[in-house]
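Coordinate analysis (summary)
Take a look at the letters that make up each chain.
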Amino acid sequence: TGSQIWVMDHCTNVMIDYCSDCTIVIGPCHTSVFARNCTNCRLFIVCQQFRSRDLKDCDVLLYSSTEPVIETSKGTRIGSDRH
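Please read these numbers as outputs of a predicted model, since none were measured by experiment. (Residues numbered from 1 in each chain as written. Predicted model: local features only at pLDDT ≥ 70, side-chain atom pairs only at ≥ 80, totals over all residues. Heavy atoms only, no water.)

Overview of the overall build of the chain
The cut-off we apply is this: Helix and strand definitions follow DSSP, with helices as H or I runs of at least four residues and strands as E runs of at least two, each counted in order from the N terminus. What the globule rule says is 2.2 Å times the number of residues to the power 0.38, and the radius of gyration is computed from C-alpha atoms. Working definition: with a 1.4 Å probe on protein chains only, accessible area under 20% of the residue-type maximum means buried, over 50% means exposed, and in between means partly exposed.
Counting secondary structure elements, the chain contains 0 helices and 7 strands. When its helices and strands are written in sequence order, the chain yields β-β-β-β-β-β-β. Computed over C-alpha atoms, the radius of gyration of the chain comes to 11 Å, within 12% of the 12 Å expected from 2.2 N^0.38 for 83 residues, which places it in the range of a compact globule. Overall, the chain is about 25 × 25 × 20 Å in size when its C-alpha atoms are taken along their principal axes. Across the 83 residues in the chain, those meeting the buried criterion constitute 34%.

Focus on the pairing of strand E5 (residues 59-64)
So the rule is basically this: Here, strands pair whenever DSSP counts at least two bridges between them.
Residue alternation in E5 divides its side chains into a buried set, Val60, Leu62 and Ser64, and an unburied set, Asp59, Leu61 and Tyr63. Here 6 bridges tie strand E4 (residues 42-53) to E5, and the two strands are oriented parallel to one another. Residue Arg42 lies in a different strand from E5, and its bridge partner there is Asp59.

Focus on the confidence of the model for the chain
This is how it is decided: Values of pLDDT, the confidence the predictor places in each residue, fall between 0 and 100.
Of all residues in the chain, 96% have pLDDT values of 70 or greater, and the mean over the chain is 94. Across the chain, element-level confidence peaks in strand E2 (residues 14-17) with a mean pLDDT of 97 and bottoms out in strand E7 (residues 77-80) with 92.

A few points about unusual backbone geometry
That bond from Gly27 to Pro28 is cis: its omega, -10°, falls within 30 degrees of zero. Topologically, Pro28 is positioned in strand E3 (residues 23-36). You will see that Tyr18, though not glycine, has its phi angle at about 50°, which is positive. Within the element layout of this structure, Tyr18 appears in the loop between E2 and E3. Here the phi dihedral of Asp57 falls at roughly 55°; this positive angle occurs in a residue that is not glycine. For Asp57, the location among the structural elements is in the loop between E4 and E5.

Quick look at the nonpolar core
For clarity, the cut-off: Side-chain atoms within 4.5 Å link the members of a nonpolar core, which is a set of buried Ala, Val, Leu, Ile, Met, Phe, Trp, Tyr and Cys residues. Only heavy atoms enter the contact rule, under which two residues are in contact if any of them lie within 4.5 Å.
Judged by nonpolar contacts, the single largest core of 20 residues is most densely connected at Ile16, Ile26, Val33, Leu43, Ile45 and Phe50. Per-element accounting of this core gives the leading share, 5 residues, to E3. Here Val33 is in contact with Val14, Ile16, Ile26, Ile45, Cys47, Gln49, Phe50 and Arg51, once residues within four sequence places are set aside.

Concerning the pattern of salt bridges
When their charged atoms lie close together, side chains carrying opposite charge are able to pair. Selection criterion: Put simply, a salt bridge is a Lys or Arg side-chain nitrogen that is within 4 Å of an Asp or Glu carboxyl oxygen.
Overall, the coordinates contain 4 salt bridges when judged by the stated rule. The partner of Glu71 in a salt bridge is Arg51, and the shortest N-O contact between them spans 3.7 Å. Of the two residues, Glu71 sits in strand E6 (residues 69-71) while Arg51 sits in strand E4, which places them 20 residues apart along the sequence.

Things to note about the state of the cysteines
Going by this rule: In this description, the term disulfide denotes a pair of cysteine sulfurs within 2.5 Å.
Summed over the entire model, instances satisfying the criterion amount to 0 disulfides. Here Cys11 stays unpaired: no disulfide links it, and the sulfur of Cys29, its closest cysteine neighbor, is 3.9 Å away.

Laid out in structure tokens, this is it:
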């Protein structure tokens with residue numbers, strides 16, 4: 001709760017579970033990032049695939065080579081960081 005997490009090294013898979021009021025920066029992730037059960041978080045993610053479930057009031061800035069998979073989330077805003 002209330003943390004800032006920065007993973008700025010090459011990684012394979014990342015799972016983000018049960019975070020609240022956090023800022024999380026992930027990238028680059030060679031495969032997938034999966035975020036579940038997070039509330040009021042700010043996610044900045046560079047990955048091949050982004051999947052989410054049960055996010056509430058989160059902001060996601062995403063650069064992904066595939067379309068995101070978003071399940072049962074409320075009040076979540078997702079923006080693209082493609083240039």
